[in-house]
Amino acid sequence: MTITPASLLLAAWVLAAAPGADLAGAWAAADDKRPGPVRILDCFPNYDHYTFTRGAAGRWDVTVRQVYHGGPALISFRAERLQGTFTGDRLRLAGEAFEVLAPGVTSAMPLPEPQRITYDLRRDAVTGHLVGTRGGAPFRLARLVLVKPADGKDCGPAPP
């Protein structure tokens, strides 16, 4: 098989035309419209982390982990399990949000009941972000890039 410029162009067109073909991987909530990924210093797991994986029959499976700290120790985190599909330029996800205690943590208070959650997102051609709503409220996701600190000194103390 010979690879020609025309075959590369055709392959790029096929990938670009395949809805959601490039969603796989890590994403994070974005608070602005700057193009490109969200870059987070990877010191403490205190960021929302969305992981997209291609499921069966063209569906997308998404897991979300929203971490909370109580002093330097992880106490609990919110998580979501979602599934959805791309139709045209629209990604619709539905699932449930729930709270999980960190390993080894006990609580006298019961955890909140899982809540139904939906997302309705479209790809922004300018920023590359997924933009729309989460539970009816405005929401934006961008690719997540974790930046490793050079020597750990950039991290500072654990969040409160």
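I will try to describe carefully the structure that is included in this document. This is a predicted model, so every value here is computed, not measured.

### Re the environment of glutamine 115
No. 1: Inspection of the secondary structure puts glutamine 115 in strand E7 (residues 115–123).
No. 2: Judged by relative accessible area, glutamine 115 falls into the partly exposed class, the value being 46%.
No. 3: Sequence separation between glutamine 115 and alanine 97 is 18 residues; the distance between their C-alpha atoms is 5.1 Å.
No. 4: The residues touching glutamine 115, leaving out its near neighbours within four places in the chain, are Gly95, Glu96 and Ala97.
No. 5: Of the polar contacts made by the side chain of glutamine 115, one reaches the backbone oxygen of glutamate 113; its length is 3.2 Å.

### What to know about the nonpolar core
No. 1: Ranked by internal contacts, the top residues of the largest apolar core, which has 18 residues, are Leu23, Tyr50, Phe52, Leu91, Tyr119, Leu130 and Leu141.
No. 2: Mapped by element, the contributors of at least two residues to this core are strand E3 (48–54), strand E4 (60–70), strand E5 (73–87), strand E6 (90–101), E7 and strand E9 (137–147).
No. 3: Those residues in contact with phenylalanine 52 that sit more than four places away from it in its chain are Leu23, Ala24, Gly25, Trp27, Trp60, Asp61, Val62, Leu91, Leu93, Leu130 and Leu141.
No. 4: Within the second largest apolar cluster, 6 residues are counted, among which are Ala28, Val38, Ile40 and Leu144.

### Examining the side chain of histidine 129
No. 1: Assignment of secondary structure puts histidine 129 in the loop between E7 and strand E8 (130–134).
No. 2: One polar contact links the side chain of histidine 129 to the main-chain carbonyl oxygen of arginine 34, over a distance of 3.2 Å.
No. 3: A distance of 3.1 Å separates the side chain of histidine 129 from the side chain of arginine 140, its partner in a polar contact.
No. 4: If sequence neighbours within four positions are ignored, histidine 129 has contacts with Ala30, Asp32, Lys33, Arg34, Pro35, Gly36, Arg122, Arg123, Asp124, Arg140, Leu141 and Ala142.

### As for unusual backbone geometry
No. 1: Phi at alanine 57 takes a positive value of approximately 55°, unusual for a residue other than glycine.
No. 2: Within the secondary structure layout, alanine 57 lies in the loop between E3 and E4.
No. 3: Under the relative-accessibility criterion, alanine 57 is labelled exposed at 84%.

Reading guide: rules and limits
Residues numbered from 1 in each chain as written. Predicted model: local features only at pLDDT ≥ 70, side-chain atom pairs only at ≥ 80, totals over all residues. Heavy atoms only, no water. Helix = DSSP H or I, 4+ residues; strand = E, 2+ residues; numbered from the N terminus. Buried < 20%, exposed > 50% of the residue type's maximum accessible area, 1.4 Å probe, protein only. Contact = heavy atoms within 4.5 Å. Polar contact = N/O pair within 3.5 Å; in protein donor to acceptor, adjacent residues only side chain to side chain. Core = buried A, V, L, I, M, F, W, Y, C linked by side-chain atoms within 4.5 Å.

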